[in-house]
Amino acid sequence: MRSLQSIFVMTLPFFYIKNIITDHKNIVLDEDTSKHVVSVLRMKAGEELHLTDGKGYLLTAEIINDNKKYCETIITNIQFTDAHTRKISIAVSLIKNATRFEWFLEKATEIGVTEIIPLICERTERQHFRPDRMKNVLVSAMLQSRQTWLPLMREPVAFEKVVEQSDQQQKLIAHCLDTNRKDLQAIVGKNSSSLVILIGPEGDFSRKEIDFALANQFDPVAIGDTRLRTETAAVVAAALLKMLNA
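As the structure is a prediction and not an experimental result, all values here were calculated from the model.

### Considerations on unusual backbone geometry
Phase 1: Of note, Arg 42 is a non-glycine position whose phi angle comes to about 55 degrees, a positive value.
Phase 2: Among the structural elements, Arg 42 can be located in the loop between α1 (31-40) and β3 (48-52).
Phase 3: Even without a glycine there, the phi angle at Arg 146 is positive, about 55 degrees.
Phase 4: Within the secondary structure, Arg 146 sits in the loop between α3 (131-144) and β8 (152-153).

### Digging into the nonpolar core
Phase 1: Ranked by size, the top nonpolar core spans 40 residues in total, and within it Ile 90, Phe 101, Phe 104, Leu 105, Leu 184, Ile 197 and Ile 199 carry the most contacts.
Phase 2: A total of seven residues in this core trace back to one element, the largest contributor, which is helix α7 (residues 230-245).
Phase 3: With residues up to four places along the chain from it excluded, the contact list for Ile 197 reads Ser 89, Ile 90, Ala 91, Leu 172, Ala 174, Leu 184, Val 221, Ile 223, Ala 237 and Leu 241.

### Some points on the packing of aromatic side chains
Phase 1: Considering all chains together, one arrives at four aromatic pairs under this definition.
Phase 2: Here Phe 159 and Phe 205 contribute two aromatic rings whose centre-to-centre distance is 5.2 Å and whose plane-to-plane angle is 50 degrees, an arrangement assigned as tilted. Taken together, the residues span a long stretch of sequence, with Phe 159 in helix α4 (residues 159-165) and Phe 205 in the loop between β12 (194-199) and α6 (207-215) at a distance of 46 residues. The same class applies to Phe 159 and to Phe 205, which are both buried.
Phase 3: Taken together, the ring pairs in this structure connect Tyr 57, Phe 80 and Trp 149 into an aromatic cluster.

Reading the values: the criteria
- Sequence positions are assigned chain by chain, starting from 1 and proceeding in written order.
- For this predicted model, a pLDDT threshold of at least 70 governs which residues receive local features, and a threshold of 80 or more governs which side-chain atom pairs are given and counted, while totals over whole chains, interfaces and linings are taken from all residues.
- Excluding hydrogens and water, the side-chain figures rest on all heavy atoms present in the structure.
- In this text, helices come from DSSP runs of H or I with a minimum length of four residues, and strands from runs of E with a minimum of two, each type numbered from the N-terminal end.
- Here, nonpolar core refers to any group of buried Ala, Val, Leu, Ile, Met, Phe, Trp, Tyr and Cys residues whose side-chain atoms link them within 4.5 Å.
- For every residue, the accessible area obtained with a 1.4 Å probe (protein chains only) is divided by the maximum for its type, and the residue is called buried under 20%, exposed over 50%, and partly exposed between those limits.
- What makes two residues a contact is simply this: any of their non-hydrogen atoms within 4.5 Å.
- Only Phe, Tyr and Trp rings take part, Trp by its six-membered ring, and two of them pair if their centres are within 6.5 Å. Stacked means planes under 30 degrees apart, edge-to-face means over 60, and tilted covers everything else.

Take a look at the structure:
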């Protein structure tokens with residue numbers, strides 16, 4: 001896995017820090033990041049780097065103390081990028097193979113989704129959910145794709161609770177039953193400011209779950225002509241919804 005602290009893509013190395021206080025001129029990097037900057041990248045005082053908190057801020061900072069345990073920087077420029085106009089939430093069943101779920105997290109972050117909700121459904125094969133590791137995957141993908149917004153990732157939650165509590169402007173469920181499903185791209189309103197789509201486990205949602213979602217104003221949709229793996233379906237849905245937001 002790529003380092004969480006720095007991804008070389010453009011001119012300056014790109015780093016993540018948890019909190020940015022914009023009225024402070026100096027920022028001391030944590031020990032892990034400092035070690036990466038000074039010992040691995042061999043950066044010196046006077047060199048610049050980028051910092052983001054995953055909440056829209058992008059700072060340009062100059063190293064003023066290249067200590068490998070507490071590298072100190074001074075902010076030279078502050079930019080803020082507004083969040084995307086349409087908030088896209090992907091509620092997807094956990095899958096037994098954690099590596100495949102992490103692949104989805106990586107791609108969803110690169111695409112630019114707003115929120116990821118791990119679902120526990122009737123047919124979900126339970127896995128040991130490791131929030132710290134999942135967060136690391138999100139951070140790495142955010143840095144790789146040079147973004148300043150980190151998706152919000154929820155703790156795993158029961159399917160029924162998500163359905164009952166969803167308050168997005170448009171609510172969708174993708175399933176495989178032969179019912180009156182509509183094409184995803186045809187049903188999404190251009191002016192929808194927020195939407196959520198439910199993606200089921202291997203074996204699909206149960207009929208009971210589908211009926212429950214429909215009773216709670218979720219629209220049934222199809223996202224292709226072939227049956228897709230859970231993580232593939234979630235990535236395809238994210239990409240289609242993002243394109244519609246362009």
